[in-house]
Amino acid sequence: MDRQLLEPSQMDGNLTYRYDSTGQLVALLPARCKLGRHTLGHSEFRAVVQDGEARISCLACATDSADHFWRLTTTAPAPDRAELSEELYFELVLRRFQSALTSRDGRHA
């Protein structure tokens, strides 16, 4: 079993927000699970904002021993609404995939 998969993850980035047409704050969550296997709009997921951190967990991936949740730094209290965004977190997903590919090849970035 890959030991790296069992270690707690580092922070992945910052949670992004927007204001809707009524001026209410809306959290923008990653639309894809951290492992890239599932689109969160079609899978069950859980999002918890607490102590300056948002954790977004894909429940389908939670049964594996892999690091299955996004850890995003928050700068505002938990808003009442959230939306999924594919574009805003694309760079984080891409960086994670590149890191995983580099690790498999035995090369280090």
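Structure first, text after, so check above.
Residues numbered from 1 in each chain as written. Predicted model: local features only at pLDDT ≥ 70, side-chain atom pairs only at ≥ 80, totals over all residues. Heavy atoms only, no water.

Caption draft 1: Expanded view of the nonpolar core. Counting 16 residues, the largest nonpolar core has Leu15, Cys33, Ile56, Trp70 and Leu72 as its most contacted members. Elements supplying a minimum of two residues to this core: strand E3 (25-30), strand E5 (53-58), strand E6 (69-73) and helix H2 (90-104). Here this core takes three residues from E5, the largest share from any one element. When near neighbours in sequence (up to four residues on either side) are disregarded, Cys33 contacts His38, Leu40, Cys58, Cys61 and Trp70. (Core = buried A, V, L, I, M, F, W, Y, C linked by side-chain atoms within 4.5 Å. Buried < 20%, exposed > 50% of the residue type's maximum accessible area, 1.4 Å probe, protein only. Helix = DSSP H or I, 4+ residues; strand = E, 2+ residues; numbered from the N terminus. Contact = heavy atoms within 4.5 Å.)

Caption draft 2: Broad picture of the sheet that holds strand E7 (residues 81-85). With mixed pairing, the three strands of this open sheet are ordered in space as E2-E3-E7. Pairing within the sheet leaves two strands with one partner each, and these edge strands are strand E2 (16-19) and E7. Going across the sheet, the axis of each strand differs from the next one's by a mean of 35 degrees, ignoring polarity. Across five bridges, E3 lies against E7 in parallel orientation. Considered in E7, the bridge of Leu28 is made with Glu83. (Pairing = 2+ DSSP bridges. Axes fitted to C-alpha atoms, helices over the stretch in contact; angles between N-to-C directions.)

Caption draft 3: Representation of the side chain of Thr74 in the model. The residue Thr74 is located in the loop between E6 and E7 in this model. A distance of 3.4 Å separates a polar side-chain atom of Thr74 from the backbone nitrogen of Glu53. Setting aside anything within four residues of it in sequence, one finds Thr74 in contact with Leu15, Tyr17, Val49, Gly52, Glu53 and Ala54. (Polar contact = N/O pair within 3.5 Å; in protein donor to acceptor, adjacent residues only side chain to side chain.)

Caption draft 4: Local environment of the pairing of E3. Of all six residues that make up E3, five are buried, and the element is covered over most of its length. In the sheet, E2 pairs with E3 via four bridges, with the strands oriented antiparallel. Among the inter-strand pairings, Tyr17 is bridged to a residue of E3, identified as Ala27. Hairpin remark: E2 followed by E3, antiparallel, with five residues in the connecting loop; positive phi at Gly23, about 85 degrees.

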